[in-house]
Amino acid sequence: MAELKTDVLVLGTGIAGTTAASLLAQRGLSTVMAGPPTQESDDYDVLLTNSVLQLVTSERLGRPINALEVTFDQTASTGWTDAGLTVCRMTDLLNTAADRATALGARRLVGRATTNSRRATLFHTAAGEQTTLAARHVIIATGSDTGPSTGMVCARRFKFPGPEYDRALLDLVAPDETDPRSAPLSVRVLPAPGAPGVISVSVTTTAPTSTEPGHLLDIGLAALNRVDERYRSLVPAGPVRHAALTSAFAPTSCLDEGQLVIGGATGLLNPFTGESIANAVHSARLAADAISHYADDPEAAGKEYLHAVSRTFVGYSESLRHAARKYHLAWRILAATADDDNAFFAKGRKAVLLPGGFAALGGDTEPDAPGSPSIALAPFVAACSEVAIAAVREEWPFVASIVASDRGTASQALRPATMFGAASCAGGAAPDNRWAGVGAAIELTMLGMLALTATAASVHRGHRGVDWPSASAVLAGDHLLAQAGLLVAKVDADLASPFAAWLAELAMLRTTQLHKTGDPRPFFGALFEFPARLGAELGRATGSTVAVLREFGRHCGNAFVHAEDLLGLAGRDSRLDTTLDGRIKAGFSALPALLDQPITDTQLRGPLRQRATETSRTLCLDEERTALTLLARLPDNTARHILSELCTTLAEPAHHTEGK
Amino acid sequence: MSGLFARDDSFFFEVSEHLEQVVVAVPEELRAVVLTLVTQSGKGLRRHLVEVCARFGRPDRAQLVRLAGVVELLHLSSLLHDDVIDRATTRRGVPTAHEVLGHEAAVLAGAACMAGAAAEAADLGPSVSTAFAVVTAELARGELRDLERSYDTSLEIEDYIDLVRRKTAELFKLCCVLGAGAAELDHTTTDRLATFGVELGVAFQIADDCLDLQPDPGGKPAGTDHLLGLFGAPTLHALRVGTPELATLLLSPALTVDELPRIRTLIGEAGGLAEADRLAHHHFDRAVEALGPLAATEPGSTLVRLQDALWPS
């Protein structure tokens with residue numbers, strides 16, 4: 001029997017396996033990927049973000065999609081344009097990815113592998129030959145149909161009787177009100193790449209089902225009919241494809257006796273969208289990072305991967321007993337807030353519904369330019385994320401998704417944990433890892449305040465029942481604040497007092513804003529001042545340094561408000577993920593106070609808009625200048641460099657000159 | 001909750017006075033509404049528990065008042081937020097905070113009370129502060145479970161008890177633990193009182209579920225939680241053993257207050273009230289059982305007499 005030795009063995013040649021093999025081979029590790037050949041059943045259409053596509057292949061594949069529309073049965077709809085999406089044939093994607101891996105030096109074995117123990121995997125070719133594979137690292141990427149089945153996806157192509165389909169539609173079928181345990185169901189419609197006049201419909205359920213695939217498809221089509229009558233007369237244009245799914249994700253299952261489990265085999269599936277490719281590719285990347293980081297130490301690589309997975313992904317079936325209820329709650333919140341432009345809900349919507357949203361690629365893995373000073377803090381900030389997500393993931397995956405995705409939307413330089421960690425260096429020592437719990441508590445409190453201040457009474461729609469938007473925002477806020485309190489108590493009970501005082505101050509300032517001044521800057525100033533102060537105090541900085549950092553934090557908060565206004569005025573994406581009108585309505589914009597009149601985005605035209613922009617820019621630059629001047633007084637270089645990067649990143653919109 | 005218990009009136013008023021001092025931490029614009037809640041905060045069962053549990057030792061009176069204040073502030077905070085969540089328009093006949101102040105202001109008032117309670121707890125030392133943090137987190141979990149289970153007509157009674165334990169009983173437990181702490185009681189006694197608090201809290205909530213279904217002499221419709229899709233112990237039992245008509249009614253999107261009398265009848269016919277009453281007594285018995293030898297003491301017998309508060313004769 002032949003024996004083959006390699007650094008890394010990747011079992012499985014699906015999208016996760018081939019991506020991992022490519023990345024590892026690219027980094028100079030000898031890599032073998034073993035699995036069956038591409039099959040006919042792989043011929044279905046998938047939707048993925050362009051950043052995910054770029055990780056898989058450098059070729060131009062598939063067909064770009066401009067808009068993603070999301071409907072909640074007939075009750076509500078929402079969507080995104082310019083979401084940067086592409087629809088591909090899975091077979092094309094797999095073949096290109098495999099070619100790329102081989103071109104980079106990964107060796108591909110076609111056949112079937114059985115693992116006896118970690119270092120001795122037996123490989124059978126189609127011809128019946130056997131090879132023993134010995135590898136230092138093993139990656140399991142055997143797909144979602146190998147785990148315990150907790151659901152099913154089925155797909156089919158149809159001729160579409162309308163004008164050429166140029167968008168992606170996601171219909172989230174309403175949970176059955178008479179059965180709180182009814183299965184989640186989502187239906188997706190994509191234009192078939194390379195086939196004009198043809199659409200691809202896929203139906204996903206993430207609950208165990210005994211339904212025939214064809215019947216599941218019919219249920220999905222019936223749901224589509226309720227949204228749009230054109231789906232009534234669809235003529236099939238291909239066979240029914242179906243696959244079993246597992247959505248039973250738990251971070252701990254990603255390490256199986258030292259082997260790194262990635263892709264569909266982890267159960268990482270978004271039950272709202274049926275989407276799994278972004279997570280598959282992202283998990284492959286995390287595994288490749290961990291292995292190349294600890295090439296000689298498989299145990300350390302496994303641990304590193306487990307940490308990375310824990311702070312990156314949130315599943316919806318982590319506590320299976322209540323999974324259906326948690327799904328229903330999230331569905332109700334999403335449906336009830338589909339047209340709500342409030343930051344908390346906008347972030348939640350994006351995190352849960354946008355493909356790859358809650359594992360936003362690009363954002364967190366390549367956050368900052370090489371040489372960015374905040375990279376020194378990366379391990380600390382990552383630890384803060386891990387603690388923050390762990391605090392909410394099991395009870396409230398919807399909220400955990402926001403926490404996880406927020407890491408991707410802003411570069412690390414803008415994170416409150418970065419502010420806190422950098423300020424703690426001001427006394428001359430690196431942040432104590434024990435303080436990750438404090439950094440996490442700061443971030444959870446901020447998100448909690450965002451939820452609590454976001455609550456407006458919904459227009460009573462005349463029906464009975466819970467006011468989902470305000471009920472969920474209040475409960476999420478309370479939950480986040482309580483978890484923050486618990487983290488603080490665990491790290492150091494002495495910190496409970498400053499945290500309580502911070503919360504009281506925020507409530508006070510926000511009340512004054514609402515009842516008197518209309519100016520949000522003191523509130524945001526206090527939001528940013530606290531992490532700077534507490535960091536400095538914990539890092540044993542001198543009294544004068546603490547005073548400097550408190551001022552610095554306040555100016556950063558003010559700069560943040562003006563920067564948000566500038567982004568809104570320029571029609572750019574906001575860091576709070578809301579529109580200018582949304583922020584004005586929520587009282588997060590300084591413009592009504594600055595212009596001394598109630599105002600909306602559309603009313604801001606011509607000279608008025610110009611004045612608003614000029615005023616905001618001048619104020620933002622002033623705040624930045626003052627903050628940077630303050631930093632010059634800091635004795636510690638690390639703190640100074642990281643905080644000045646934070647400040648300039650915050651004020652970046654003021655340096656960006658094009659207007660709308 | 002009606003019914004009487006042998007409360008220490010002077011302690012009751014000392015706590016009220018203290019609360020009036022503490023709420024200066026609440027923003028001025030919101031203070032009046034919070035003070036209204038303080039002055040009409042019912043019979044003071046929670047502060048009574050703190051005081052009685054401390055009678056097993058020799059507590060410092062001033063500290064005991066502050067500890068009771070922590071519990072009451074936390075309770076106020078959850079009342080303010082609950083009224084927003086439940087869309088309640090009145091509480092004890094007075095318009096709710098969000099009706100008076102507006103939505104966000106009422107939410108901020110709740111947050112300010114929470115902050116005030118946390119600050120007091122921190123000032124009273126690490127053990128108080130940690131116990132407070134743990135209970136706050138349990139309360140938030142309980143509220144989440146409560147929202148998650150809305151419209152669930154087949155909620156298992158064990159899950160319901162679990163929810164009640166977090167949402168209501170943890171706060172009762174905190175009262176007992178803080179009282180015990182102020183009296184510097186030993187572990188065994190503190191554990192007994194903690195269990196007493198939890199079981200009493202569960203019994204209290206289920207008795208309250210039953211009370212909620214009694215026609216109100218003031219004309220307030222009984223059982224309005226049903227409109228929110230929130231079903232208590234009597235309803236859950238009736239759903240399990242009674243006619244399917246009940247579930248159909250409860251899940252109907254067109255359900256209004258007009259159907260509530262019919263719902264009450266169905267629950268009664270299915271024996272829901274009797275079964276819930278039995279369950280509440282069962283938990284109260286467990287509470288007394290947890291006291292063990294303490295039940296025979298003076299403060300112990302005061303705790304046992306709380307039965308009259310739950311089930312006024």
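Criteria and cut-off values
- Position labels on residues start from 1 in each chain and follow its written sequence.
- Ligands are numbered from 1 and chains lettered from A, in the order in which they are written.
- Local features in this predicted model are restricted to residues whose pLDDT is 70 or higher, and side-chain atom pairs enter the listing and the counts only when it is 80 or higher, whereas totals over whole chains, interfaces and linings include all residues.
- To get the side-chain values, all heavy atoms of the structure are used, and hydrogens and water are removed first.
- In what follows, a contact means two residues having at least one pair of non-hydrogen atoms within 4.5 Å.
- Values labelled buried area give the accessible surface lost by two parts on being combined, using a 1.4 Å probe and summing over both.
- Any Lys or Arg side-chain nitrogen found within 4 Å of a carboxyl oxygen on Asp or Glu counts as a salt bridge.
- Under the scheme applied here, a residue whose accessible area is under 20% of the maximum for its type counts as buried, over 50% as exposed, and between as partly exposed, the area being computed with a 1.4 Å probe on protein chains only.
- Strands here are runs of E lasting at least two residues and helices are runs of H or I lasting at least four, both read from the DSSP assignment and numbered beginning at the N terminus.
- Any two strands with at least two DSSP-identified bridges between them are counted as paired.

## Focus: the interface of chain A and chain B
Part 1: Across the boundary between the two partners, chain A contributes 50 residues, which contact 51 residues of chain B.
Part 2: Carbon and sulfur atoms make up 62% of the area that chain A and chain B hide from each other, which totals about 4700 Å².
Part 3: Our count for the contact surface shared by chain A and chain B stands at 7 salt bridges.
Part 4: Arg-325 of chain A is paired through a salt bridge with Asp-159 of chain B; the nearest N and O atoms lie 3.8 Å apart.

## Brief notes about the pairing of strand β12 (residues 198-205) of chain A
Along any regular strand, the residues point their side chains to alternate faces of the sheet.
Residue and element names in this part refer to chain A.
Part 1: Counting buried positions along β12 yields 8 of 8 residues, so the element is predominantly enclosed.
Part 2: Residues Val-198, Ser-200, Ser-202 and Thr-204 line one face of β12 and the alternating positions Ile-199, Val-201, Val-203 and Thr-205 line the opposite face, and both faces are buried.
Part 3: By the bridge criterion, 8 bridges tie strand β9 (residues 151-159) to β12 in an arrangement that is antiparallel. Counted as the bridge partner of Ala-155 is Ser-202 from β12.
Part 4: Across 7 bridges, strand β11 (residues 185-191) lies against β12 in antiparallel orientation. By the bridge assignment for β12, Ser-186 is matched with Thr-204.
Part 5: Where β11 hands over to β12, the hairpin turn is made up of 6 residues, of which Gly-194 adopts a positive phi near 75 degrees.

## Observations concerning the environment of Ser-470 of chain A
All names here are of chain A.
Part 1: Within the secondary structure layout, Ser-470 lies in helix α13 (residues 468-491).
Part 2: Relative accessible area serves as the criterion here: at 1%, Ser-470 is assigned to the buried category.
Part 3: Sequence spacing of Ser-470 and Ile-333 is 137 residues, and the spatial spacing of their C-alpha atoms is 9.5 Å.

## Structural notes on unusual backbone geometry
Part 1: Phi at Asp-596 of chain A takes a positive value of approximately 60 degrees, unusual for a residue other than glycine.
Part 2: As for its placement among the helices and strands, Asp-596 of chain A is situated in the loop between α18 (591-595) and α19 (606-631).
Part 3: Classification of Asp-596 of chain A as exposed rests on a relative accessible area of 68%.
Part 4: Of note in the backbone geometry, Tyr-151 of chain B takes a positive phi value of approximately 70 degrees without being a glycine.
Part 5: We classify Tyr-151 of chain B as buried; its relative accessible area is 10%.

## Brief notes about the pattern of salt bridges
Part 1: Inspection of every chain in the model, using the stated rule, returns 53 salt bridges over all chains.
Part 2: Put simply, Arg-510 of chain A and Glu-104 of chain B hold a salt bridge, and the shortest N to O gap is 2.6 Å. Here Arg-510 of chain A, found in helix α14 (residues 496-517), pairs with Glu-104 of chain B, found in helix α6 (residues 103-123), and the two come from separate chains. Grouping residues by exposure puts Arg-510 of chain A and Glu-104 of chain B together as buried.
Part 3: Residue Arg-617 of chain A is joined to Glu-614 of chain A by a salt bridge in which the shortest nitrogen-to-oxygen separation is 3.0 Å. Here Arg-617 of chain A and its partner Glu-614 of chain A are both found in helix α19, 3 residues apart, which amounts to about one turn of the helix.
Part 4: Residue classification places Arg-617 of chain A among the buried positions, given a relative accessible area of 15%.
Part 5: The exposure class assigned to Glu-614 of chain A is partly exposed, which follows from its relative accessible area of 40%.
Part 6: Put simply, Lys-326 and Glu-395 of chain A together with Glu-138, Arg-141, Arg-145, Glu-148, Asp-162, Arg-165, Arg-166, Glu-170 and Lys-173 of chain B are held in one network by salt bridges that share partners.

By themselves these figures say nothing about function.
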